[in-house]
Amino acid sequence: MQNGTDLYALDIDGASFVRACGGPCTEGCVILARIGEDAWALGDSKRPGTEPLRFTTEELAAAGIDPARFGLNV
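Conventions used here
Residues numbered from 1 in each chain as written. Predicted model: local features only at pLDDT ≥ 70, side-chain atom pairs only at ≥ 80, totals over all residues. Heavy atoms only, no water. Pairing = 2+ DSSP bridges. Helix = DSSP H or I, 4+ residues; strand = E, 2+ residues; numbered from the N terminus. Contact = heavy atoms within 4.5 Å. Polar contact = N/O pair within 3.5 Å; in protein donor to acceptor, adjacent residues only side chain to side chain.

A. Quick peek at the sheet that holds strand S1 (residues 18-19). Strand order in the open sheet made by the four strands is S1-S2-S3-S4, with antiparallel pairing throughout. Either end of the sheet is taken by a strand with one partner, and the two such strands are S1 and strand S4 (53-55). Two strands pair when backbone bridges link them, and S1 and strand S2 (residues 30-36) are joined in this way by two bridges, in the antiparallel orientation. Looking at the pairing, Arg-19 lines up with Ile-31 of S2.

Encoded structure:
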């Protein structure tokens, strides 16, 4: 939670997910979408029934994930 925002209260219906694999993956199992200002959803396309995890930009950066690398604006 950052700045009092509950990331899981944000609506992700209609979010545009992109493949966010870091290697030579051809299946694109890791998916990433911007769901708000400084808010991201990270999911697994192989498990469509599983709710994506939510992160702030700072949390993604700490994990070494740069959304810009996958064509998403930060």
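B. Structural detail: the environment of Phe-70. When you line up the elements, Phe-70 lands in the segment after helix H1 (57-62). Through-space distance from the C-alpha of Phe-70 to that of Val-18 is 7.2 Å; in sequence the pair is 52 residues apart. Discounting chain neighbours no more than four positions away, the residues touching Phe-70 are Val-18, Arg-19, Ala-20, Cys-21, Leu-32 and Ile-65.

C. The arrangement of the side chain of Thr-57 in detail. When you line up the elements, Thr-57 lands in helix H1. Filtering out sequence-adjacent residues up to four positions away, Thr-57 remains in contact with Asp-38, Trp-40 and Val-74.

D. The side chain of Arg-54, seen in detail. Note on placement: Arg-54 falls in strand S4. At 3.1 Å, the side chain of Arg-54 forms a polar contact with the side chain of Glu-51. Each residue touching Arg-54, except ones within four places of it in the same chain, is listed here: Leu-7, Tyr-8, Leu-10, Ile-12, Ile-35, Trp-40, Ala-41 and Glu-59.

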